[in-house]
Each structure stands twice: as C-alpha cells, then as structure tokens.
Amino acid sequence: MKNILVTGGAGFIGSNFINYILAKRDDYNIVILDKLTYAGNLENLIASEAKKNYHFIKGDISNKELVNYLFTKFDIKYVINFAAESHVDRSILGSEVFFKSNVLGTNILLEAARKFSVKKFLQVSTDEVYGSLDSDGIFTEDTPLHPNSPYAASKASADMMALAFHHTYGIPVVITRCSNNYGPYQFPEKLIPLMIINSLKGKKLPVYGDGMNVRDWVYVIDHNAAVETVFENGKSGEVYNVGANTEMPNIKIVKLILSELGKSEDMIEFVKDRLGHDRRYAIDSTKIENELGWSPKFNFEEAMSQTIKWFLTNKAWWERIITGEYQNYYETQYG
Ligand code: NAD
Ligand code: DAU
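How each quantity is defined
Residues numbered from 1 in each chain as written. Chains lettered and ligands numbered in written order. Predicted model: local features only at pLDDT ≥ 70, side-chain atom pairs only at ≥ 80, totals over all residues. Heavy atoms only, no water. Helix = DSSP H or I, 4+ residues; strand = E, 2+ residues; numbered from the N terminus. Rg over C-alpha atoms; globule rule 2.2 N^0.38 Å. Buried < 20%, exposed > 50% of the residue type's maximum accessible area, 1.4 Å probe, protein only. Contact = heavy atoms within 4.5 Å. Areas by Shrake-Rupley, 256 points an atom, 1.4 Å probe, with all protein chains shown as cover. Lys, Arg positive; Asp, Glu negative; His and termini not counted. Charge placed at Lys NZ, Arg CZ, Asp CG, Glu CD. Axes fitted to C-alpha atoms, helices over the stretch in contact; angles between N-to-C directions. Parallel < 35°, antiparallel > 145°, perpendicular 65-115°, else oblique. Left-handed = near helix turned anticlockwise from the far one by under 90°. Nonpolar A, V, L, I, M, F, W, Y, C, P; charged D, E, K, R; others polar. Near = heavy atom within 4 Å. Polar contact = N/O pair within 3.5 Å; in protein donor to acceptor, adjacent residues only side chain to side chain. Pairing = 2+ DSSP bridges. Phe/Tyr/Trp six-rings, centres within 6.5 Å; stacked < 30°, edge-to-face > 60°. Lys NZ or Arg CZ within 6 Å of the ring centre and 35° of its normal.

Things to note about the overall build of the chain
Step number 1: What the chain contains, in helices and strands, is 12 helices and 12 strands.
Step number 2: The C-alpha atoms of the chain give a radius of gyration of 19 Å, which matches the 20 Å a tight globule of 335 residues would have.
Step number 3: Its C-alpha atoms put the chain at 55 × 50 × 40 Å along the principal axes.
Step number 4: Residue burial in the chain is summarised as follows: out of 335 residues, 59% are buried.
Step number 5: Pairs at least 24 residues apart make up 83% of the contacts formed inside the chain by residues separated by at least 6 positions.
Step number 6: As displayed, the chain has an accessible area near 14100 Å², and 50% of this comes from carbon and sulfur atoms.
Step number 7: Between the centroid of the 36 positive side chains of the chain and the centroid of its 41 negative side chains there is a distance of 5 Å.

Some thoughts on the packing of helix α8 (residues 250-260) against helix α10 (residues 300-313)
Step number 1: For the pair α8 and α10, interaxial distance at closest approach is 11 Å and the crossing angle is 60°. Between α8 and α10, the angle is such that the two are oblique. The interaxial crossing formed by α8 with α10 has right-handed handedness. The residues of α10 that touch α8, namely those facing Ile253, Leu256, Ile257 and Glu260, are Phe300, Met304, Ser305 and Ile308.
Step number 2: Counted by class, the contact of α8 with α10 contains 6 nonpolar, 1 polar and 1 charged residues.

Structural notes on the site of ligand 1
Step number 1: Of all residues adjacent to ligand 1, which total 28 residues, the nearest are Ile13, Asp34, Ser86, Tyr151 and Lys155.
Step number 2: Here an oxygen atom of ligand 1 and a backbone polar atom of Leu36 are 3.4 Å apart.
Step number 3: At 2.7 Å from an oxygen atom of ligand 1 is found a side-chain nitrogen or oxygen belonging to Lys155.
Step number 4: For the shell around ligand 1, the secondary structure elements donating two or more residues are α1 (12-24), β5 (120-126), α5 (150-169) and β7 (180-182).
Step number 5: Counting residues per element, the shell around ligand 1 draws most heavily on β5, which supplies 3 residues.
Step number 6: Of the residues belonging to the shell around ligand 1, the class tally is 12 nonpolar, 12 polar and 4 charged.

Side note on the sheet that holds β7
Step number 1: Spatial strand order, β7-β9-β11: 3 strands in an open sheet with mixed pairing. One side of each edge strand has no neighbouring strand; the edge strands of this open sheet are β7 and β11 (247-249). Averaged over all neighbouring strand pairs, the angle between strand axes comes to 50°, with direction disregarded.
Step number 2: Taken together, the 3 bridges between strand β9 (residues 214-219) and β11 define a ladder with antiparallel strand orientation. Its bridge partner lying in β11, Asp216 is registered against Glu247.

Description of the site of ligand 2
Step number 1: Residues in contact with ligand 2 amount to 23 residues; listed here are only the nearest, Thr126, Asp127, Tyr151, Arg274 and His277.
Step number 2: Between ligand 2 and Asp127, the relevant distance is 2.5 Å, taken from an oxygen atom to a side-chain nitrogen or oxygen of the residue.
Step number 3: With respect to ligand 2, the side chain of His277 contributes an N or O atom lying 2.7 Å from an oxygen atom.
Step number 4: Going through the elements one at a time, α6 (191-201) and β8 (205-208) are the ones with two or more residues in the shell around ligand 2.

Notes on the packing of aromatic side chains
Step number 1: Per the counting criterion, the structure on display carries 22 aromatic pairs.
Step number 2: Geometrically, the ring pair formed by Phe71 and Phe116 is stacked, given 5.3 Å between the ring centres and 25° between the ring planes. Here Phe71, found in helix α2 (residues 64-73), pairs with Phe116, found in the loop between α4 (96-115) and β5; they are 45 residues apart in sequence, far enough to count as distant.
Step number 3: Using a relative accessible area of 1% as the deciding quantity, one classes Phe71 as buried.
Step number 4: The aromatic ring of Tyr38 is capped on one face by Arg90, whose charged end is 3.5 Å from the ring centroid.

In structure tokens, the structure reads:
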C-alpha cells in the first residue's frame, strides 16, 4: 500500500485524478490536502468519498505544522502536488496568493519530503513555464523557461525549486508539464466551461483580443493517466511534457461549442485582450511517449462533445457554483 499525499485534490484536475485512480487501484492510500479555495469543490469527489483508502483534510500546503503532522499521522512516503492557484487572469489582478501557495507551499512540501524521506515527489506543472511561441516551434523539455504571467512565473519557480531539491538533497522529484486541460468539473472561469455555461444561459461569450491565440488541448483523463505513469515509472530529476497534439485557436473552440449547442455566433463578443497574453502554446510529448509508453487516448472532437454533454447533464453542479452553495458541502460532511 502506498501512502500518498495528493494536494489540490478538490480542484478540477486533482478531483478527476482521485476519481480515476481510486476506481482502478486499491494499492493507493490517498490523503487529500486541499485548502478549499473558491476553486476547490468537495462535490467533485462524491464518487470517491466512501472509499476506505480516501481521506480528506481541509488545509493549506503552506501550513508547515499541518503538513508535518500529516506526514507523521499517515506515514506519507509519496507526494503528488496538484495544489495551486491556477487562473492566469486572477494572477494578473493580484499575484501574492500565487506566490504563497504555488512557491512557498511547494517549498513547505519539499522540506517535508526531505524530512520524511519520501520515495517520490511529483510536481504537477504546466507548459506555461516555457512562455509563448510564434507561429513556429514547439516546447520540448529543453526549451528554456520564460514565464510571462505571474501565474506562470510562480509555477516556474516551483519547478526550479523542486529540481534544486533533487540536485542538492537527492529528493526523488519528477515534474509533468501539461498543456491546457478540458473535461468534467472544470471551474467555470476557464475558457471551455465559461463558454458552455454562457451559451446555455444566453449570455455573451467574451473572446479576448482577435481570438487567434492558440492553446494545445488535452482531455483531463489523458493528463491524469500521464501523471500516474510518471508517478510510477518516471526517472528522478526528470521533466516530462504532456500533450495531445491538438492546437486550436480560441475562436475555433468557441464556435465549435456554439455549433454543438445549436446557438448563434452572434453571441460572441470580442473584448479587450488579456495583459501580456501568450500567443501560442504547442507541446512535444515525445519523451514520455518513447521513454514511459504513455500516449493520449481521447480524440478531441469526441471528448469535447462528451464534455459539453457533461455540462448539460450536470447543470446542478455548475448552478451550485454560481450560487456559492457548493462551498457548504464541507460543513455538511465534516463540520
Ligand atoms: P484548480 O484551480 O481547479 O484547483 C486547484 C486546487 O488547489 C483547488 O482545489 C484549491 O482549493 C487547491 N489549492 C489552492 N491553493 C491551495 C493551498 N495553498 N493549499 C491547499 N490547496 C490549495 O486547478 P487545476 O486546473 O485543477 O490545476 C491543478 C494543477 O495542474 C495546478 O498545479 C496547475 O498549475 C496544473 N495545470 C493545470 C492545467 C489546466 O489546464 N487546468 C494544465 C497544466 C497544469
Ligand atoms: O497551458 C496550461 C494552462 O492552461 C494551465 O497552466 C492554467 O492553469 C490554465 O488555467 C490554462 O491557462 P490559460 O490561460 O491558457 O487558460 P484559460 O482557460 O484562462 O484561457 C484559454 C485561452 O482562452 C487563453 O488564450 C485566454 C482565452 N480566454 C479565456 C477566457 C477565460 C478568452 O478568450 N476569454 C475568456 O473569457
């Protein structure tokens, strides 16, 4: 049995990871540490909460006493760090919490990993640490880091600290750098869920700038299968890019959503661009494919269509976010 601390497990990718992994493995004993910020939603974990190898603790990864206590209490030997402030627009409005959670929080976890001799520390990172591409080029693991937003800078700092802990203390760190995810339970501030929900509510769809910024999309379960692969077989001190070769300009995604929902393109509204908006991301996943045998399994058109259907059939999930009721779930379960 592996005692694994999974941070940020109530967020979009973390909760999909927990539900995916607990449905298939009973050799993982999962201890979730999540602060339940606005982005944390315990209702995402209803499918897993009754399992014996599921434990939830509300708390902050930058709380050293709590982190050390959990390592002792659960004999933690493995860490998967999903916890982060994750939204670029929020980091542009105010960056402090990004540095507290993403940089200091990762440092506290790495120090605990050192103190308690962990056997693997997986840092979930992002392609945004590489910066922005023009129309040519692709990010490989050797691309120099050039983060452009406060969010990306905080994630790049955490990556560099994790690698420094590997180099200096021999902590068995592995890093994944994935491109843009989509799928169930994504918080409705991000492009795809926001556009689906606005379409359903008859609201305008705000497209930044000329709508020609390109993102490289990957279905969340493909990302989480990559996390599992790197966690099990990744080589200490190595970085693995994760992507599905699905580059798409934002406007194409927005039109696809409108078409799938049978809505008019008149709902699109071009709005002021994001400050410092990265133009294009494109990720080369050759390394994880060749060295660890992972490859994406989901086709973009089908998985997007399933995602749109998920938001249609789970209206109550996102309506409870809009009203704020989702934040009561912790009290009803643990209060
Ligand atoms: P999210 O914002 O949906 O969820 C983040 C979770 O972390 C929330 O449950 C939140 O409560 C928790 N959290 C935040 N600060 C915390 C703290 N100080 N202590 C404990 N918990 C805290 O984010 P997401 O989209 O699920 O992203 C998860 C991870 O994956 C992040 O590290 C992000 O940088 C990375 N990532 C995201 C994407 C993407 O497309 N969303 C792509 C690549 C990498
Ligand atoms: O690349 C991985 C990253 O992807 C992750 O590290 C981040 O955590 C995640 O939030 C995501 O960052 P982006 O900034 O790419 O995602 P977002 O959904 O915010 O925006 C996607 C694109 O859509 C981006 O070019 C900005 C644009 N956009 C976004 C919103 C919210 C719009 O045009 N209108 C919008 O309302």
